[in-house]
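Commentary on secondary and tertiary structure
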Amino acid sequence: MKKWFSNIAVSLSILCAFVGNSKAQQKEVPQNFMQQIYEQVKTPYKYGMVITPADSAKKVDCPSVFRKGKNWYMTYIVFDGRGYETWLAKSKNLLQWKTLGKILSFGDTTNADAMEWDANQKAGYIALQDVSFGGSYKLQKYSGKHWLSFIGGKETGYESGKLSIGVASTNKNIAKPHEWQRIGDPILSMTDIDVRWWENKKLFKSSIIWDKSNTLGKPFVMYYNANGDTSNNTPKWRWFERIGMAVSDDMINWQRYQTDPVVHHKIGITGDGVIQKIGDVWVMFYFGAFWEGRKNETFDRFACSYDLVNWTDWTGDDLIKSSEPYDIKYAHKPFVVKWKGVVYHFYCAVDKKDHRGIAVATSVDKGKSYLEFVK
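Read on for an overview of the structure. (Residues numbered from 1 in each chain as written. Predicted model: local features only at pLDDT ≥ 70, side-chain atom pairs only at ≥ 80, totals over all residues. Heavy atoms only, no water.)

**Re the packing of aromatic side chains**
Rules: Only centres within 6.5 Å qualify two rings of Phe, Tyr or Trp (six-membered ring in Trp) as a pair; their planes then separate them into stacked at under 30 degrees, edge-to-face at over 60, and tilted for everything else. Helix numbering and strand numbering both begin at the N terminus, where a helix is a DSSP run of H or I of at least 4 residues and a strand a DSSP run of E of at least 2. The rule is simple: take the accessible area with a 1.4 Å probe, protein chains only, and divide by the maximum for that residue type; under 20% is buried, over 50% is exposed, in between is partly exposed. Whether a charge sits over a ring depends on NZ of Lys or CZ of Arg being within 6 Å of the ring centre and within 35 degrees of the ring normal.
A full pass over the atoms with the stated rule returns 18 aromatic pairs. Ring geometry for Tyr-84 against Tyr-158: centres 6.0 Å apart, planes inclined by 65°, an arrangement best described as edge-to-face. Here the residue Tyr-84 occupies a position in strand β4 (residues 84-91), and Tyr-158 occupies one in the loop between β7 (146-153) and β8 (163-170), the gap between them amounting to 74 residues. By relative accessible area, Tyr-84 is classed as buried at 2%. The exposure class of Tyr-158 is partly exposed, given its relative accessible area of 38%. Taking 5.3 Å as the distance between ring centres and 15° as the angle between the ring planes, the aromatic pair formed by Phe-302 and Trp-314 counts as stacked. A residue pair is termed long-range when its members are at least 10 positions apart, and Phe-302 in strand β16 (residues 298-305) and Trp-314 in the loop between β17 (312-313) and β18 (320-321) qualify at twelve residues. Both residues of the pair, Phe-302 and Trp-314, belong to the buried class. Over the ring of Phe-106 we find Arg-82, and its NZ or CZ is 4.1 Å from the ring centre.

Below is the structure:
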């Protein structure tokens, strides 16, 4: 009897190893499994606006949500006509938010040299977050510091001029607004010698995870979207962005990973990828815009991967799309949190008058927000 049980145990061990190894080698995630992911992450109830700009001249964009202690915090960016700055807000329940202050400001407000490469654009995004879906959502420290990446640019205007990616860090309390310290020059730029065909015009939002398994031989993995030279301006209103990768040993020195983007579509924008992990599957929440057959639409979707490199696109319904007056023009740029059994999908909402702010949809009905854009 003992021998029989021993043989069964060995057989199960071999089977588990085989299944694990098969998944590690499998490049495509089956759609029936992705249907299960969809059922876990869908948020059919739109609560409404949670952060709006102080006045109609400003635009609020790109939420990133994390937890510290008993509270939630959100970084987001504000465009005021000059360029982007990065702000911090606080919440106890993920629905009501209070703005605290700035964490990345224009160059001339923080140092004497207003002519640096990022003087007029500093759009920041949190880095090294606990990636477990339904996990702690805490930001991890590396080298004794917390980190973020950001879009930097010297020109004034809406995403104008050369846009590159930089990093900043802090050893101070991330729950308090203060200026994070930039780390020198851009870490990735459209003028780099090794720049690839899809990213040689402008670089946009980046998302950095800490892969402690070193799946790709480096602990830090960045996903970012960029614009390249392949659109040929045909048709003129189209804008092409794709998501690619870079890796690093130390958060400062980065190497581009493979030649081609890892998530992209024939036409339009594929951008703002944010990574979480559900079981043994990596999930990238991202937004699409102006795809073939969807000329004037924006929407949030997801892709899945076993290895961080090969991503399978979800082919079912959008996670978020325009449906309400406050997001009727655009509904896009996801950040998804699961807490105490409820999924919160934060996104950028734009109304028909081009007011831009942060909204949230949930997996269970949380009622409706009374917050509106300033008229």
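**Re the side chain of Ser-305**
We apply this condition: Polar contacts here mean pairs of N or O atoms no more than 3.5 Å apart (in protein, one a potential hydrogen donor and the other a potential acceptor; neighbouring residues in sequence count only if both atoms are side-chain atoms). Throughout, a residue-residue contact means that at least one pair of heavy atoms, one from each residue, lies within 4.5 Å.
Structurally, the position occupied by Ser-305 is in strand β16. A polar contact of 3.0 Å, which involves the side chain of Ser-305, links it to the side chain of Asp-307. A distance of 2.9 Å separates a polar side-chain atom of Ser-305 from the backbone nitrogen of Leu-308. The residues touching Ser-305, leaving out its near neighbours within four places in the chain, are Val-29, Val-281, Trp-282, Asn-310 and Trp-311.

**Things to note about the sheet that holds strand β9 (residues 181-182)**
Threshold: Whether two strands pair depends on DSSP finding at least two bridges between them.
Taken together, the four strands give an open sheet; going across it, the order is β6-β7-β8-β9, and neighbouring strands pair in antiparallel fashion. The open sheet terminates on both sides in strands that have one partner only, identified here as β6 (121-126) and β9. Judged from the two bridges that link them, β8 and β9 form a sheet pairing that is antiparallel. Counted as the bridge partner of Ser-169 is Gln-181 from β9.

**Remarks on a positive patch on the surface**
For clarity, the cut-off: Like charges within 9 Å and nonpolar side chains (Val, Leu, Ile, Met, Phe, Trp, Tyr) within 5 Å are joined into patches, using only residues over 30% in relative accessible area that form no salt bridge. Here the open area of atoms and residues is found with the Shrake-Rupley method and a 1.4 Å probe, where only the protein chains shown may cover a residue. In what follows, salt bridge is the name for a side-chain nitrogen of Lys or Arg lying within 4 Å of a carboxyl oxygen of Asp or Glu. Residues scored as positive are Lys and Arg, those scored as negative are Asp and Glu, and His as well as the terminal groups of each chain are ignored. One atom stands in for each charge, and that atom is NZ of Lys, CZ of Arg, CG of Asp or CD of Glu.
A surface patch of like charges, here positive, comprises Lys-68, Lys-90, Lys-92, Lys-98, Lys-141 and Lys-176. With respect to the helices, strands and loops of the structure, Lys-98 is situated in strand β5 (residues 98-104). With relative accessibility at 58%, the residue Lys-98 sits in the exposed group.

**Examining the pattern of salt bridges**
Per the counting criterion, the structure on display carries 20 salt bridges. Salt-bridge contacts for Glu-199 lead to Arg-196; the nearest nitrogen and oxygen are separated by 3.1 Å. Asp-318 is paired through a salt bridge with Arg-294; the nearest N and O atoms lie 2.6 Å apart. A residue pair is termed long-range when its members are at least 10 positions apart, and Asp-318 in the loop between β17 and β18 and Arg-294 in the loop between β15 (281-289) and β16 qualify at 24 residues. Residue Asp-318 shares its accessibility class with Arg-294, and that shared class is buried.

**Points about the sheet that holds β5**
Let me state the cut-off plainly: Axis lines are fitted to C-alpha atoms, over the contacting stretch for helices. Their N-to-C directions set the angle, which ranges from 0 to 180 degrees.
The four strands lie next to each other as β2-β3-β4-β5, forming an open sheet whose pairing is antiparallel. Strands with a single pairing partner mark the edges of an open sheet, and in this sheet they are β2 (59-68) and β5. The mean angle between the axes of side-by-side strands here comes to 30°, regardless of whether they run parallel or antiparallel. Where β2 and strand β3 (residues 71-79) come together, eight bridges link them in antiparallel fashion. Across the sheet, residue Val-60 finds its bridge partner in β3, namely Val-78.

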